[in-house]
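Fold and contact review
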Amino acid sequence: MPMVTIDVIKDVFTPQQKKALISKVTEAVIAVEGESLRGVTWVRINEFEGGNWAIGGQPLAAADVHAMAKANAA
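This structure is a prediction, so every number in the text was calculated from the model and none was measured.

Below, the discussion takes up the pattern of salt bridges. Opposite charge on two side chains lets them pair, provided their charged atoms get close. Considering all chains together, one arrives at four salt bridges under this definition. Of the charged contacts, one joins Lys10 and Glu49 as a salt bridge, the two residues approaching to 3.3 Å between their closest N and O atoms. With Lys10 in the loop between β1 (3–9) and α1 (15–33) and Glu49 in the loop between β2 (42–48) and β3 (54–55), the pair connects residues that are 39 residues apart, well separated along the chain. Glu27 is the partner of Arg38 in a salt bridge, and the nearest nitrogen-oxygen pair spans 2.7 Å. Here Arg38 is found in the loop between α1 and β2, whereas its partner Glu27 is found in helix α1, with eleven residues between them in sequence. Taking relative accessible area as the criterion, Glu27 reaches 39% and is therefore assigned partly exposed. Connected through shared salt-bridge partners, Glu27, Glu35 and Arg38 make up one network.

Procedures and definitions
Residues numbered from 1 in each chain as written. Predicted model: local features only at pLDDT ≥ 70, side-chain atom pairs only at ≥ 80, totals over all residues. Heavy atoms only, no water. Salt bridge = Lys/Arg side-chain N within 4 Å of Asp/Glu carboxyl O. Helix = DSSP H or I, 4+ residues; strand = E, 2+ residues; numbered from the N terminus. Buried < 20%, exposed > 50% of the residue type's maximum accessible area, 1.4 Å probe, protein only.

This is a description of form; function is not addressed.
As structure tokens, this is what we get:
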């Protein structure tokens, strides 16, 4: 039974985006392992409070991630 865990900062992804992540990750597992595992493929999303996540020693909050995404889109 495949289990995929996705860790994210709380309030970065909308409920619709999380639903899309779950769906697309499930489809990726099925593409590799076969349709027979669909019913036993688990995908879960863990959300961490802002400040409980860091990159390079710098704590991140949802606002920081949104700012980085906006800068990369420009």
